[in-house]
Structure formats: structure tokens, C-alpha cells
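Below are the chains, spelled out letter by letter.
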Amino acid sequence: MLCTLCTSCASSGFHAAPATPSSPIQISGTNQDVVWERVVDTIHTYKFTIARENKLDGRIETGYKVGSNLLEPWHGDSVGFDNRMESSLQSIRRRVFVSVTPIEGGYLLGVEAFKEIEDVHTQTSSAPGGATFQQELSLRRDLNLVQERSSTPGWIPRGRDPALEQDILESLQIAFSQ
């Protein structure tokens, strides 16, 4: 009852519209390798792993990272209290795409961050006896009759994460201003 009262009071206040990221940003630089490494280092500060990178296309793709909750302040992927609270109460994962486009006198850096929420099917993932013998099969000769746990049921896309995009762009701006 107290939680409902607190959350309804907190959610009834006025919220500022989320800042739209000013993507892409322009940075000055002449050496592509130095620019590329600074971008990768900035992504690593958010604890994302690099899934794919292609310098010819100017594209960096990160792997999925589970959203950090209130008890993990050292992870930077959940920007702001609302995102941290959401990641504390629900399984969230994020993925980031960075584009590095050469232009005259420097580079354009674009960031796209996508957020997904876990689609949990309670009857399959928490059913009692999920790792028991199958009963509907006819006699089989193999001795490994225990079923494996089902794979992750899936994820529901929640769209882009403008707070994370803006934060990464600001970090990139700082990294290239030094």
C-alpha cells in the first residue's frame, strides 16, 4: 500500500520531455585509427562489449548488456534514476550502434541506443519439473532423457534510449576535446 502511494505520488509530478540527442556530432581529427580507438574506449567505459566493428563502413555494434540497477552505480548504461529503477524492477537490455563518418576536417559521430524489455512466459520458465523426464515420448534408446531448460523466451523492443545516446555523445565530445 505504501509503495503504491509513493509511486503514484512520484509519478504524478511534471516530467521534462526527454532530451533529443543531437546526433551526429562533429569532431576534428585527421588520424582515423586514433578517432576509432577513442570511440571504442568511450564505449568500453559504459561496460559494453564490442560485437562487430567495421572501419570501412564506419560502424561499431555492441553486444547486448543487461541494464544496471540501483545497486550498480559503476555501470553507465542506465542513465538517470528512472532508467535505473526500471532496470531494477524489470529485465532490460541495451545495445548501441555508433557510426564514424569521415568529412572534410574531421568526422561525424552518430550514436543509436536501443532498449528491449524481457518477454517472460511464466508457465514455461517457472513450471515445476522443467528438467524432468519426458512422458509423451515412446521408448528411446538414448540415456539422456532429461530436457534442457528452454531458451530465453524473447525480448520486446522498447525503441531508442535518448538518455543513453545523449550521455554517450557528451562523453565522446569530452574525449575529443582533451
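The preceding data block contains the structure.
Owing to the predicted nature of the structure, the values given are computational and were not obtained by experimental measurement. (Residues numbered from 1 in each chain as written. Predicted model: local features only at pLDDT ≥ 70, side-chain atom pairs only at ≥ 80, totals over all residues. Heavy atoms only, no water.)

## Comments concerning the overall build of the protein chain
Then step 1. For the protein chain, the helix and strand inventory stands at 5 helices and 7 strands.
Then step 2. Overall, the protein chain shows an N-to-C arrangement of helices and strands of α-β-α-β-β-β-α-β-β-α-β-α.
Then step 3. Considering the protein chain as a whole, with its 178 residues, one finds that 29% of them fall into the buried category.
Then step 4. Partitioning the intrachain contacts of the protein chain with sequence separation of at least 6 by distance along the chain shows that 62% fall at a separation of at least 24.
Then step 5. Carbon and sulfur atoms form 56% of the exposed surface of the protein chain, whose accessible area is close to 11900 Å². (Helix = DSSP H or I, 4+ residues; strand = E, 2+ residues; numbered from the N terminus. Buried < 20%, exposed > 50% of the residue type's maximum accessible area, 1.4 Å probe, protein only. Contact = heavy atoms within 4.5 Å. Areas by Shrake-Rupley, 256 points an atom, 1.4 Å probe, with all protein chains shown as cover.)

## Here's the deal with the pattern of salt bridges
Opposite charge on two side chains lets them pair, provided their charged atoms get close.
Then step 1. In the structure shown here, the tally under the stated rule is 10 salt bridges.
Then step 2. Note that E86 is salt-bridged to R158, the shortest N-O span being 3.5 Å. Placement of the pair is E86 in helix α3 (residues 81–89) and R158 in strand β7 (residues 155–160), with a sequence separation of 72 residues.
Then step 3. One network of salt bridges, in which partners are shared, links R59, E112, R160 and E165. (Salt bridge = Lys/Arg side-chain N within 4 Å of Asp/Glu carboxyl O.)

## Quick word on a nonpolar patch on the surface
Then step 1. A cluster of nonpolar side chains, namely L70, L71 and F81, defines an oily patch on the protein surface of about 350 Å² accessible area.
Then step 2. Given the relative accessible area of 55%, F81 is considered exposed. (Patch = residues over 30% accessible without salt bridge, like charges linked within 9 Å, V, L, I, M, F, W, Y side chains within 5 Å.)

## A look at the nonpolar core
Then step 1. Among the nonpolar cores identified, the biggest contains 22 residues, and V39, V96, V98, V100, L109 and L172 are the most heavily contacted of them.
Then step 2. Listing elements by their share of this core, those giving two or more residues are β1 (25–28), α2 (32–45), β5 (92–103), β6 (106–118) and α5 (162–177).
Then step 3. Dropping the residues within four chain positions of it, L172 is found in contact with I25, V39, T42, L109 and V111. (Core = buried A, V, L, I, M, F, W, Y, C linked by side-chain atoms within 4.5 Å.)

The values reported here are purely geometric and, on their own, carry no functional implication.
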